[in-house]
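# Reading the structure
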Protein chains: 2
Amino acid sequence: MKNVYSFKEGKGLGKALLGGKGANLAEMVGIGLNVPQGFTITTKTCHLFYEKGQKLWDELKQEVNEALANLEKETGKKFGDPTNPLLVSVRSGAPVSMPGMMDTILNLGLNDVSVQGLATKTNNPRFAYDCYRRFIQMFSNVVMGVSSSKFEAILDRVKEEKHYTTDLDLTEQDLKNIVVEFKELYKKELGEEFPQEPIQQLYLAIEAVFKSWNNPRAIVYRNLNDIPHNLGTAVNVQSMVFGNMGDKSGTGVAFTRNPANGDKQFFGEYLINAQGEDVVSGARTPKPIAALEQDQPEVYKEFVRIMQILEDHYRDMQDIEFTIEEGKLFILQTRSGKRTVTAAINIAVDMVEEGKISKEEAILRVDAKQLDQLLHPSFDPKALKEHKPLAKGLPASPGAASGRVYFTAEDVKAAKEQGVDAILVRLETSPEDIEGMISAVGILTSRGGMTSHAAVVARGMGKCCVAGCSDFKVDEENKVAYVGDLAIKEGDFLSIDGTTGNVYLGHIPTVDTIVSDKYAKFMSWVDEVRRLKVRANADTPKDAKQALNLGAEGIGLCRTEHMFFAEDRILEVRKMILSNTVEERQVALDKILGFQKQDFVDIFRVMQGLPVTVRLLDPPLHEFLPKTDAEMQVIAKEMNLTIEEIKRRAESLEEFNPMLGHRGCRLAVTFPEIYAMQVRAIILAALELKAEGIDVTPEIMIPLTVDKAEFTYVKNVLVKEIDAVFTEKGVTVPYTIGTMIETPRGALLADEIGSVADFFSFGTNDLTQMTYGFSRDDSHKFLDEYLAKGIFEKDPFQVLDQNGVGKLVEHAVKLGQVANPNIKLGICGEHGGEPNSVEFCHRTGLTYVSCSPFRVPIARLAAAQAAVKEKLQ
Amino acid sequence: MKNVYSFKEGKGLGKALLGGKGANLAEMVGIGLNVPQGFTITTKTCHLFYEKGQKLWDELKQEVNEALANLEKETGKKFGDPTNPLLVSVRSGAPVSMPGMMDTILNLGLNDVSVQGLATKTNNPRFAYDCYRRFIQMFSNVVMGVSSSKFEAILDRVKEEKHYTTDLDLTEQDLKNIVVEFKELYKKELGEEFPQEPIQQLYLAIEAVFKSWNNPRAIVYRNLNDIPHNLGTAVNVQSMVFGNMGDKSGTGVAFTRNPANGDKQFFGEYLINAQGEDVVSGARTPKPIAALEQDQPEVYKEFVRIMQILEDHYRDMQDIEFTIEEGKLFILQTRSGKRTVTAAINIAVDMVEEGKISKEEAILRVDAKQLDQLLHPSFDPKALKEHKPLAKGLPASPGAASGRVYFTAEDVKAAKEQGVDAILVRLETSPEDIEGMISAVGILTSRGGMTSHAAVVARGMGKCCVAGCSDFKVDEENKVAYVGDLAIKEGDFLSIDGTTGNVYLGHIPTVDTIVSDKYAKFMSWVDEVRRLKVRANADTPKDAKQALNLGAEGIGLCRTEHMFFAEDRILEVRKMILSNTVEERQVALDKILGFQKQDFVDIFRVMQGLPVTVRLLDPPLHEFLPKTDAEMQVIAKEMNLTIEEIKRRAESLEEFNPMLGHRGCRLAVTFPEIYAMQVRAIILAALELKAEGIDVTPEIMIPLTVDKAEFTYVKNVLVKEIDAVFTEKGVTVPYTIGTMIETPRGALLADEIGSVADFFSFGTNDLTQMTYGFSRDDSHKFLDEYLAKGIFEKDPFQVLDQNGVGKLVEHAVKLGQVANPNIKLGICGEHGGEPNSVEFCHRTGLTYVSCSPFRVPIARLAAAQAAVKEKLQ
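### Focus on the nonpolar core
Counting residues in each nonpolar core, the largest one holds 331 residues, and the members touching the most others are A:Leu371, A:Phe762, B:Leu371, B:Phe522 and B:Phe762. Ignoring sequence-local partners within four residues, the contact set of B:Phe762 consists of B:Ile741, B:Val809, B:Ala812, B:Val813, B:Leu825, B:Gly826, B:Ile827, B:Cys828, B:Gly829 and B:Leu846.

Rendered as structure tokens:
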């Protein structure tokens, strides 16, 4: 097995083997771009590395040595050479981009000898020692785990002693002294000398990069982005070029189109006399790329040409890293650029219209999960008029958010667990903050640009972010920020607009955003392509309307119990539950009937004949009972009972495991009159609409079925009541009766149940709970640990577990279709709006998915992508 | 389709079609016995009857009419004839015997005309009117639903007016008057005249018998005895013979061997001048069958001859009903006799030794479920010495019981629900009492013989029963019984011995019974035949010893949490759980380690190298926490915390659905140190025994696995700790690591999990809970209703649901064996001791079943029966 490929050999070997960065470098070398030479150690080697106990082995070292010898030949430089030393960068590069998540080491190859070679060669000793001190710090931190702050402290002390304001004030001699101090620090911390042998430096750096694949923030990032944990990373060793060799040097990042809105314009930033890390970390605020045209017109022209080549070559918007070394342009990296969903849609539509890609390709270009960013709220314009911006930063990630200020990731996380909307305010963010960023409703940083960590990560998450808001003087330690004299303390309300960069004091309510023409065009392509229908889960006319607006083609789950909770009816519901006799219960039910009928009339009217699946009462009855003494007082008086009696009756309904208790159609076996009332309400509503000229075919859904005999018993109760209504009214409507498949037994016996049911709707929430034996209410206590330890790749409540739960679904689909070739099949768990799960539903041959209204566009796109992928196979 | 078969046509058509009674009557006619002629309406007709809305239809009536005409021809009698009337009995007869559960009507055909014919023909008008009044009462009650007590009231009033002591004192005229009153009562109750047309009487009676298939007590009986609800009953119409025609007449029931102990001696009872119902109901206490030899020697001789013929013909002990009509013997019915398990074993062994049946047949002759009767306790002889019998009744069903007295079935049921052992004391029992009989630990009746309802049902249940204990004057209404002057009130302690018939006041402790040589021989045949191994669930050395004595071949489930509850260690367990740090927890665990190790040493020593499967900690941690303030005080003081802190920590462990919560191997993912301690204890114990020369191969079982990665994570924790112990001690022992399969997902992914597990043990309790979504702790609230409404045939927690849960087991077995051909497969839920479920385990190819020690003999026999049945197929 070959472990190491030079960039010249790598073209066409692909990202799976070489990682994204390595494959792109090889590709760029292949199309003749000026890329610093180097080689890639493969992702397969990474697996081997873990198998062999996380140490390099002799054969691998041999291959690295050979590749290095070739690199020395090509560059004419030598590792550790006193006159013309070779320096390299060592970077991670996974098959899927994980920006900033893994380790990078620059300037490797410097030691006490080669630093002089670099000084001689560049005729710039200050530069050489600056590189050396950076390298010592970076190596110590990234490879050896010594905290960077200890090095920063030395630097700060020197600057203070000398009354310097910036690093640029440091002289050659200062830097030489600092290098000595840094090496002493290294020895003190690690008990050994700083390694002088460049090849040892390289071996250690390669090990560090491989190990960084499994650092905690990388694991969190992969979980968040559905990236499998078993891909592994490649290691790229590349000869260094220097953006910090003076004013004709620089380094930058650029996008071939605007990653925030998709506009067809170059977009990027660069720093003069700097290395790449200065741009990415946000430590210095860079210049816009346009400034390069003035600074170095020739270089700018060349760069524009290369950007076009790269976009055309990859047929997608590119994110390009470049370095200018004394007027000479090097391309360090290119990759498909991260973008907001707005940009993704606009670029996809533009590229179709430019003839560069097909509609199908366009559909695959937008991450379905990101679509709900579009639906993220913006500030209510009326409320906004009453607020003046307090400050303005960079519009780093669109959307608006309002919440309380917290200054650490931990505090944000804790606030979220308390149900508090939190805005994370930081000087700048780093990968350590990632969990706080996930928990926050919005992010504000006082430093950093549009490509800073905060900006890139927030865009990826579709989270509102204002970056580089320098009016904010953030004191993280004391948990306070100052804008002028105004102190903004932990817990204060702040509202931020990531689309404009404006920041407001106080709480501003938000409203939904309006979507663009390009979005409409894109979604029309999506709807042309998909086979799966998309419905919404909606319990109210308002939700139903929302769902229709977002493209729903029906209601897949209308939960009737939500109607029971409304204030004007909960009292009757309680009376019904606490009744001692069927007669008492019937009196209460008769009152509830009127409410329920009107609920269905309203929803059916909104849906105008589109299919509506109504689920009969599902939760355990004790959920409806009074909790407070005051509520109990009311019901006791109404029912002429003592509070003690009410409490006693309520207690008798308590359960050890309500999830597995007396609920669903089990209620109908013990209290058939409840379902009879509900079905009467449904049919009366349908008859009322029929009189209005709207044809409704109610789909009546029995929850929690485990057995054919059980389903038949309940169905007979329903049919008897429906027939009675028809007889009373002298009119009929068509209807169907089906069931949720949400217990493993229901799925296992789908053939028997399917022979008497008109439809199945997979309730994958409960099915997941029972298949795993995980209570959703309790499992967070251990599920986080399962994810953190890499035992599970994904939370099965978020992404359908195709391996286990999915097997039951597939089994039930197969059996159900054999038993009843006309059976309608849907899914109405939360998975119905999760792209991977939607793709599964498509493959499994379901008729529709149903999800919350806001996820309808996601489901539509995911369904289309599934159809396109199927076609491509 | 032919619905009606005369007894002459029926031979060989089988029980499924004709029911047990009908098939036997046809069989007896076929072998030339003197059976009153008649015909059988089939069980298939019963299904049709239900399909057609529970009414007879014309074609069927036609067939009945024809069969009746033939019967008239054969008997020379005519329906409703004024001189020589045909009277018939109409009886149910299901494919499986359900004594007393369905309806019977005798003397049908009597009306105002034919009663005179009967009087003339028999020259006994008193007899004829006695028959007529009995018929009116029975028809009114059984067919038309009028309460018998209303008729009894008339009878009692007449007897009181005339100062009669028994029915026999009633004169012809009394009876004629009573008939008039009875008919008036009928008209008053039902608004129409008593039907005078015999054919109408017959139609109504046939309908009543078909309907009685689904009366509540029949359903309860079928549920209790695992009889499918879809068999249906046949109806037998048979010409009446009369045991109540004077002193040369009589009726009785006899067994060809003793049904209580299996002794090879005729055993039975008869009543002179009586009809069969008088024997069965226990209303009069009959004479032993031996008395017939004196009363009518010729008849006795003939009966003995026939009994031998029948036993030889059926090759089994027979239960025979006969009637003597004026010196002429008729056989009314024969069937395999119900018997105690002792009798079943003894008869089976005797018949093998008599050369009548094979060992395999013998094995099938004993109802495995009944085997635990053998293990029912008898009184502790020492304690018994201190008690003198208070009274003596008939030893109707063996075993001893001690409990509080209750006088109604409802009270017994309620007492049982409160956890109180109850003795049901009744004048006599009736089918309405069946649920109370199930709930009682023992039954005492003051009336009735060895074949009374109480005796027959109690023997079937294996429940201790003393019948006909006439010293008890039972006042059911006032809930008191008197023995002489002594009043025994509700709640008083009583102890009864169903083996001797002795009754004692007060509570007498019981001990296990010792089994006989024949039992040992029988079980040795059982063990020769079976393929399934039988292990026991045992957590203590005492249980382990018990299990060994009962024939267990290992421990299939040793629950370690039970060890945590012992008083001397629960405090350390609580400290461990309430620890805030890994270090604190480790200190507590180190203390628990010593206890656990000794537990395993003791158990391993008892088992002497037989396999022991140890399940690591399974329940949620909050189960171990203090509940009372006093307990909290102790732990708070120990841990130097406030009660509030203890409460707060305890609350943080509370769960909504603990069944689906943080338990099983999930504990090991979050607190690996707990399992590490347990496995260290197991291995240290095995090493200690190795030093003693006993080779133990611990089988370490991980509970609640859902995923291969999860299993692997936990297994690695265990292996690391085990290796550490081996290194410390410098000695090793072999061991295996396997898992419970008790979540649906575990079963679905059994191929993946099986590839890394040494064994599977199906935890069918939890698997049933999750597959159905039924919490065992809560489901009784609705499950009773499912059974009562016939939606479920059986409680899936008692009998393994082969249709649903069983599919998962079969699936997992198949996948597990492919992934790991050497995998050991067992079951350790409560189903492991239930015969149907054991048969399923045999068919599915498991290695062993494991059940509670007392069920081990049942499992052994059920496993043997499964093997025999397989061979027969």
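### Considerations on the sheet that holds strand S29 (residues 699–702) of chain A
Residue and element names in this part refer to chain A. In space, the 8 strands of this closed barrel follow the order S26-S27-S28-S29-S30-S31-S32-S33, with parallel pairing throughout. Strand-to-strand twist across the sheet, computed as the mean angle between neighbouring axes with direction ignored, equals 25°. When S29 meets strand S30 (residues 736–741), the two strands line up parallel, connected through 4 bridges. Pairing of Ile700 across the sheet is with Ile737, part of S30.

### Quick word on the relation of the copies chain B and chain A
Laying chain B over chain A is done by rotating through 180° and shifting 0.1 Å along the axis; what remains is an RMSD of 0.2 Å. Both chain copies can therefore be described as sitting about a two-fold axis. Among all residues of chain B, the one whose C-alpha sits closest to the rotation axis is B:Asn657, at a distance of 2.1 Å. Interface overlap between copies: 100% of the residues of chain B at the interface are likewise at the interface in chain A, consistent with a symmetric, same-surface contact.

### A few points about the sheet that holds strand S19 (residues 464–467) of chain B
Residue and element names in this part refer to chain B. One open sheet holds the 8 strands; their spatial order is S14-S24-S23-S16-S17-S18-S19-S15, and the pairing between them is mixed. One side of each edge strand has no neighbouring strand; the edge strands of this open sheet are strand S14 (391–392) and strand S15 (394–397). Here helix H17 (residues 409–417) sits on the sheet and contacts strand S16 (400–406) and strand S17 (422–426); the angle it forms with S17, its principal contact strand, is near 175°.

### A word on the confidence of the model for chain A
Overall, the predicted model of chain A reaches an average pLDDT of 91, with 98% of residues at or above 70. Across the predicted assembly, pTM comes out at 0.76 and ipTM at 0.75.

### Details of the side chain of B:Ser850
Residue and element names in this part refer to chain B. Note on placement: Ser850 falls in strand S33 (residues 848–851). A polar contact is formed between the side chain of Ser850 and the backbone oxygen of Ala536, at a distance of 3.1 Å. Aside from chain neighbours lying at most four places away, what touches Ser850 is Arg535, Ala536, Asn537, Gly556, Leu557, Ile827, Cys828, Gly829 and Gly832.

### Things to note about the packing of aromatic side chains
A full pass over the atoms with the stated rule returns 44 aromatic pairs over all chains. On the numbers, 5.7 Å between centres and 85° between planes, the contact of A:Phe379 with A:Tyr504 is edge-to-face. Of this pair, A:Phe379 sits in strand S13 (residues 377–379) while A:Tyr504 sits in strand S24 (residues 502–505); the two residues are 125 residues apart in sequence, bridging distant segments of the chain. A relative accessible area of 4% places A:Phe379 in the buried class. Judged by centre distance (6.4 Å) and plane angle (80°), the rings of B:Phe760 and B:Phe762 are edge-to-face. Here B:Phe760 falls in the buried class, since its relative accessible area comes to 0%. Given a relative accessible area of 0%, B:Phe762 falls into the buried group.

### Some remarks on the interface of chain B and chain A
On the side of chain A, 48 residues touch chain B, which itself brings 48 residues to the contact. With both chains or domains summed, chain B and chain A bury close to 4,300 Å², and 58% of this area falls on carbon and sulfur atoms. In this assembly, chain B and chain A are joined by 2 salt bridges. Two residues, B:Asp801 and A:Arg745, come together in a salt bridge whose shortest N-O distance is 2.6 Å.

### Thoughts on helix H7 (residues 172–190) of chain B
All names here are of chain B. The terminal C-alpha atoms of H7 lie 27 Å apart, and with 19 residues this matches the ideal 27 Å at 1.5 Å per residue to within 8%. All buried positions along H7 are accounted for by Asp174, Leu175, Ile178, Val179, Phe182, Lys183, Leu185 and Tyr186. Packing partners of the buried residues in H7 comprise helix H5 (125–143) and helix H6 (148–162). Just downstream of H7, Gly191 is the residue with a positive phi angle, here 75°.

### Brief notes about the pattern of salt bridges
For side chains of opposite charge, pairing can occur when their charged atoms come near one another. Using the criterion set out here, one finds 133 salt bridges over all chains in the structure. The shortest N-O distance in the salt bridge between A:Lys871 and A:Glu360 comes to 3.1 Å. Residue A:Lys871 is located in helix H35 (residues 856–872), and its partner A:Glu360 is located in helix H14 (residues 359–365); the two are separated by 511 residues in the primary sequence. A salt bridge links B:Arg365 to B:Asp316, with the nearest nitrogen and oxygen atoms 3.5 Å apart. Of this pair, B:Arg365 sits in helix H14 (residues 359–365) while B:Asp316 sits in the loop between helix H12 (297–314) and strand S11 (318–325), and the two are 49 residues apart along the sequence. B:Asp316 gets classed as buried once you look at its relative accessible area, which sits at 6%.

### Observations concerning the environment of B:Lys388
Relative to the helices and strands, B:Lys388 is located in the loop between helix H16 (381–385) and S14. Measuring from C-alpha to C-alpha, the distance between B:Lys388 and B:Glu793 comes to 45 Å, with 405 residues separating the pair along the chain.

### Focus: the side chain of A:Arg530
Residues and elements named next belong to chain A. You can see Arg530 is positioned in the loop between helix H19 (517–529) and strand S26 (533–537). Engagement of the side chain of Arg530 in a polar contact is seen with the side chain of Asp527, the distance being 2.9 Å. Here Glu553 takes part through its side chain, which lies 3.0 Å from a polar atom of the side chain of Arg530. When residues no more than four places from it in sequence are discounted, the contact partners of Arg530 are Glu553, Arg860, Ala863, Ala864 and Ala867.

The rules behind the values
Residues numbered from 1 in each chain as written. Chains lettered and ligands numbered in written order. Predicted model: local features only at pLDDT ≥ 70, side-chain atom pairs only at ≥ 80, totals over all residues. Heavy atoms only, no water. Core = buried A, V, L, I, M, F, W, Y, C linked by side-chain atoms within 4.5 Å. Buried < 20%, exposed > 50% of the residue type's maximum accessible area, 1.4 Å probe, protein only. Contact = heavy atoms within 4.5 Å. Pairing = 2+ DSSP bridges. Helix = DSSP H or I, 4+ residues; strand = E, 2+ residues; numbered from the N terminus. Axes fitted to C-alpha atoms, helices over the stretch in contact; angles between N-to-C directions. Least-squares fit on C-alpha atoms with pLDDT ≥ 70 in both. pLDDT = per-residue confidence, 0-100. Polar contact = N/O pair within 3.5 Å; in protein donor to acceptor, adjacent residues only side chain to side chain. Phe/Tyr/Trp six-rings, centres within 6.5 Å; stacked < 30°, edge-to-face > 60°. Buried area = accessible area lost by both parts, 1.4 Å probe. Salt bridge = Lys/Arg side-chain N within 4 Å of Asp/Glu carboxyl O. Expected span 1.5 Å × (residues − 1).

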